[in-house]
Each structure stands twice: as C-alpha cells, then as structure tokens.
Amino acid sequence: MKPIKIMTLLTLIIVTVASTTAQQPARGPLHPKSAAGVMPAAYLAHPNQRPARPSSNSGILQPVASLGLGDAASAAAIDQPLASASAGNHLLRLGWNNGLTIVQTTTLTSQPSSLAIGQINNDRLADLAALQPATKQLGLWRGTLSQTLQLTQHYTISTEPEALHAADLTSDCRDDLAFATPGTIQIWSQPNNNPMQASLSLPFANRSMSDLALGDLNYDGQLDLAALRGTGGITQHLDLFSLYRGSLLATDYRPVDDQGFAAHAVAIGDVTNDGRADLVVSAGGNIPNAAINIFAQQSDGRITTTPQLLPAWHLPEALAIADINHDGFNDILALNSGWLALTIYRGRVDGTLAAYETYDLPYSTSYRPETLAVGDLNRDGGLDVLIADDLRGLTYLINSSAAPSATIDDQIVPCSTITTPHFSMSGTLTNATALDVSLDAGATWQVANVTGTTWSYETELPAWVYPLVMVRARQGDRVQAPATMRRLRFQHHRIAAPLVMQ
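Described below are features of the structure shown in this document. Residue positions are given per chain, counted from 1 along the sequence in the order it is written. Restriction of local features to residues with pLDDT of at least 70 applies here, the model being predicted, together with a cutoff of 80 or more for giving and counting side-chain atom pairs; totals for whole chains, interfaces and linings are based on all residues. The basis for the side-chain values is all heavy atoms of the structure; hydrogens and waters are excluded.

## Some details on the overall build of the protein
In this text, helices come from DSSP runs of H or I with a minimum length of four residues, and strands from runs of E with a minimum of two, each type numbered from the N-terminal end. Along the protein, the regular secondary structure elements total 2 helices and 41 strands. Expressed along its principal axes, the backbone C-alpha trace of the protein runs to roughly 95 × 50 × 50 Å. The buried label applies to any residue whose accessible area, calculated with a 1.4 Å probe on protein chains only, is under 20% of its type's maximum; exposed applies above 50%, and partly exposed to all values in between. Across the 502 residues of the protein, 57% fall into the buried class. Here, two residues are considered to be in contact whenever any of their heavy atoms come within 4.5 Å of each other. When contacts within the protein are restricted to residue pairs at least 6 apart in sequence, long-range pairs at least 24 apart make up 53% of them. Note that accessible areas follow from Shrake-Rupley with a 1.4 Å probe, and for residues the cover is restricted to the protein chains shown. Accessible surface, the protein: about 20,400 Å² in total, of which carbon and sulfur atoms supply 53%. This count recognises Lys and Arg as positive and Asp and Glu as negative, with His and chain-terminal groups excluded. A single reference atom marks each charge: NZ on Lys, CZ on Arg, CG on Asp, CD on Glu. With 29 positive and 42 negative side-chain charges, the protein shows a separation of 6 Å between the mean positions of the two kinds.

So this is what it looks like as structure tokens:
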C-alpha cells in the first residue's frame with residue numbers, strides 16, 4: 001500500500017502545481033524600461049490573455065470607450081474648457097458629441113511628447129503648450145474666444161525636453177512653463193506680454209524618463225516643484241525645490257521605495273484630507289513588488305522623509321490625484337502598464353485611502369506620466385479620465401454621474417488686491433443647492449448663502465490669510481471637483497512667510 005500512497009501523493013502535487021500554474025497569466029514582453037536596461041526585469045501581461053485581478057470596482061466610471069486615431073497617441077491634457085491630445089505628428093483639440101470627437105487638427109514637424117494647458121498670456125483663455133523632443137522645440141498655441149487654437153510661437157531648446165507643466169510659479173498671475181532637460185529643470189515665463197523666456201534653471205542630474213509635479217509643498221502660498229528620476233538602481237529619486245516668487249530658496253531630497261525596480265511618476269495633491277499638499281509616487285515592477293509611495297505634508301509644512309506604502313497592481317505608472325467620485329476627498333488614480341487596468345484608491349474622511357479598485361482597459365505596453373489626464377470631457381461637471389494609448393489612439397472613461405459646479409463673479413478678478421478686513425464675494429451655481437468656501441487651502445470649509453442659482457459669502461478676514469480662495473458646490477452627497485479657485489493679494493494681512501523644505 002505504501003507505493004500506492006506515494007503515487008497518489010505525487011499525483012496530487014502535480015495536479016495542484018499544474019492548476020496553480022494555469023491560473024497565472026502567461027508572461028508577456030519586458031516593460032520598456034527593462035528592455036532599455038534602466039530597470040530590472042519586469043514583465044507586461046501577455047497581449048492575448050486578460051489577467052484575473054483581485055478587486056472589483058464601485059462603478060465610479062462607465063466602461064472604457066475608444067477614439068481611433070490611426071496613430072499612437074503620446075500625451076493628453078484637460079483643463080476646462082480645453083481638452084487636447086497628441087498622436088503621431090498631430091496636435092488635437094477634442095470636443096464632445098455623444099462621444100469624444102476631434103474638432104481641430106494641427107500637423108507638426110515632429111511628435112509632441114508632453115502637453116500643458118494654462119493661461120499663459122494673461123487673457124483668461126486656456127492656451128496650450130507642447131514639447132517636441134525630436135526637433136528640440138517648445139510650441140505655444142493661443143486660445144481664442146471661439147475656443148480654437150492659434151499658433152503663437154515655436155521656441156528652440158538646446159537639448160531634448162520632457163515632462164511639461166504649466167502653473168504660476170512666479171506669483172504674477174501668469175502661468176509659467178516648467179520642463180526637464182538632461183541635467184536641468186527649466187522654468188520659462190512671459191513677463192508683460194513679451195515672448196516666453198527662460199527665467200530659472202535648476203540643476204537636476206537625470207537620464208531622461210523624468211517626471212515633474214507642481215504644488216505648495218510647504219504651505220507658504222507659493223508653488224514648489226518636485227522632480228522625479230524614473231530609472232532604477234538609484235537612491236536619490238526625488239529632488240524638491242522650494243520656490244518663492246520665481247526664485248529658488250532651497251533644494252531637498254527624498255528616496256522613494258522603488259521595490260527594487262524604479263519610480264515611475266510623481267503627483268502632488270492633498271490625499272490625507274488636511275488641506276495640505278502631499279507627494280505621491282508610483283513605483284515597482286510586478287506584484288508583490290509594486291507600490292504607491294505617499295509622502296505626507298506635516299502640520300509644520302515639512303514633507304515626511306519615510307513614505308507610507310500602498311500595495312499596487314503590476315507596474316503602476318502614470319498618476320493623477322483627483323476627487324473622481326465627488327465625495328469631497330481626493331483619490332489616487334494609476335495606470336498599470338501592460339496589465340489592462342486603471343486602479344483607483346478612494347480617499348476617506350479620516351485621511352486614509354481604501355485598497356485599490358480596478359477598471360478594465362485595453363492592452364497598452366506603456367503609460368508614461370503624460371498619457372493620463374483627468375477632467376470634464378462631456379461637460380456635465382463629473383470628472384472623466386482620458387488616456388493616450390500607444391496602440392490604438394485615445395481611450396476614455398466617463399464618470400457615471402454628473403456633478404455640481406460653481407463660478408466666482410468678476411467683482412473680484414484674479415490677483416485683485418483686498419485692502420479691507422471685510423471680505424465678500426459671490427457667484428453662480430449649476431446643479432447645486434449648497435456652496436462651501438475655504439480661505440485656508442481646503443483645510444476648513446464655511447457655508448455660503450445660496451438663493452436659487454446664486455451664492456454669496458462675506459466674512460471678516462483673520463490676521464493670517466492664505467492667498468488662494470476656493471469654492472465648491474454641493475448637491476446632496478455630490479461635491480464639485482476640482483474647486484473653483486482664485487488667487488488674490490491681501491494688503492495689511494499677513495500671509496505665510498516663505499518656508500524652506502527640510
């Protein structure tokens with residue numbers, strides 16, 4: 001009987017191993033970073049086999065849809081009312097007509113790799129900037145009242161640029177441009193309607209595959225800059241630049257837990273529900289060696305040195321921070337390269353994040369940071385997701401529900417100087433019955449007066465004032481996202497002193 005028992009046991013082991021192996025997806029090609037030799041071997045799923053995933057989703061987004069372009073898409077950007085993407089040598093302005101459409105196409109001399117939308121020429125219309133690394137160019141297109149884009153200028157850059165962003169880094173109420181080159185971070189500004197020009201160069205040793213993020217990392221009312229090295233085998237992943245009115249105050253550094261592979265993308269936003277901007281980094285390879293790093297901003301305005309880690313699905317790459325389910329708390333969105341998924345970590349009232357839920361995507365080999373954009377594509381107030389797909393064009397997921405929105409009247413124009421302690425403002429509401437106002441970057445909210453489709457708010461200003469006013473509309477449990485914001489100047493009131501990150 002003993003030989004029979006041994007044979008039975010061996011048979012059971014063989015069957016069990018075969019069954020377990022059959023449940024694993026077939027291994028696909030190397031991730032592009034691994035193939036390029038800048039990250040240890042990490043593998044995409046097999047193109048012909050959809051892997052089983054351990055989590056479902058709560059239905060925040062509708063099933064994925066696609067807009068075929070005939071070219072591989074390389075970048076996407078949304079900032080109301082403009083949505084744009086690049087595919088091949090074409091720059092696209094997008095619209096909506098019962099689905100995503102192309103309403104303007106501009107043919108360029110080389111492929112745009114990164115896009116940014118901002119109010120660059122101070123006319124309060126959305127402008128578009130694009131990097132073209134093959135021809136070492138930065139292009140600017142001016143927004144018009146008809147919402148078309150008109151080429152303004154092409155600038156020559158001495159080396160290949162990447163990771164373009166637009167924001168007011170000089171506190172002059174004009175959006176500046178920031179991008180990475182081999183060895184530096186470049187900040188370009190446009191003073192007094194003059195052509196764009198380089199205004200600040202920050203040292204940043206890198207081997208390409210970099211990413212940038214902009215945000216107030218020390219709660220002083222000024223935007224700072226985080227620069228990420230996206231290659232493996234390093235210990236200094238993040239450079240943090242403290243900026244004040246366009247000048248560099250100091251540089252600090254943070255190591256990312258890259259799980260033995262590489263860091264991939266960086267984003268800045270409040271994911272701990274305290275009104276302070278945090279740093280979020282995607283990193284790793286195949287599970288279980290994949291994670292989201294969260295460097296929280298503390299009450300003293302400093303960024304933690306050791307990150308909190310959230311387990312991730314395979315190869316989390318492109319990142320976004322947004323309140324995608326409109327409950328008033330920011331969520332983290334990550335695209336998982338080659339693993340057919342968008343993963344979402346939902347923010348909670350206690351400042352923690354739920355385990356990720358997944359949304360099906362078609363197969364794509366790589367999601368560089370510039371391939372993901374979040375914004376309102378179908379003009380119903382709800383945040384949608386736009387993805388530049390390297391295999392099929394554009395894919396997008398529309399929010400399952402509309403969301404409320406609000407405007408701020410022009411009695412207080414951007415960068416107005418407030419000279420009295422008594423402060424008042426007003427505006428309009430859409431699909432909303434309530435409105436909140438924040439004078440401290442979202443740490444606390446106060447209820448405004450609402451009458452029909454209009455709102456009003458007044459208060460006596462405290463001694464300390466954050467130079468950004470935020471308003472958000474509410475309808476039941478649906479909350480506007482992002483909030484409507486207006487940067488102001490406060491005379492005779494103390495704002496935060498410039499802080500050096502440590």
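Now that the structure is up, let's keep going.
## Describing the sheet that holds strand β10 (residues 137–143)
Two strands form a pair only when DSSP identifies at least two bridges running between them. Here 4 strands make up an open sheet; going across it, the order is β8-β9-β10-β11 and the pairing antiparallel. In this open sheet, the two edge strands, each paired with only one partner strand, are β8 (114–118) and β11 (149–156). Averaged over all pairs of adjacent strands, the angle between strand axes in this sheet comes to 20°, irrespective of strand direction. Bridge count for β8 against strand β9 (residues 127–132) is 5 bridges, and the pairing is antiparallel. Bridging across to β9, I117 finds its partner in L128. Only C-alpha atoms enter the line fits that serve as axes; for helices the fit covers just the stretch in contact. Angles between N-to-C directions range over 0 to 180 degrees.

## Focus: the pattern of salt bridges
Side chains that differ in sign of charge can pair as their charged atoms come close. Here, a salt bridge means any Lys or Arg side-chain nitrogen found within 4 Å of an Asp or Glu carboxyl oxygen. Tallying each qualifying case throughout the model produces 10 salt bridges. Between R254 and D252 there is a salt bridge, with the nearest N and O atoms lying 2.9 Å from each other. Looking at R254, the relative accessible area reads 3%, which means it is buried. With relative accessibility at 14%, the residue D252 sits in the buried group. Note that R392 is salt-bridged to D389, the shortest N-O span being 2.9 Å. Look at R392 and you get partly exposed, because its relative accessible area is 30%.

## So, the sheet that holds strand β30 (residues 393–397)
Overall, antiparallel pairing links the 4 strands, which are arranged β3-β30-β29-β28 in an open sheet. Both edges of this open sheet fall to β3 (65–68) and β28 (372–375), since each of them pairs with a single strand only. Neighbour-to-neighbour, the strand axes of this sheet turn through a mean angle of 20°, independent of strand direction. Note: strand β29 (residues 384–389) against β30, 5 bridges, orientation antiparallel. By the bridge assignment, L386 is partnered in β30 with Y396.

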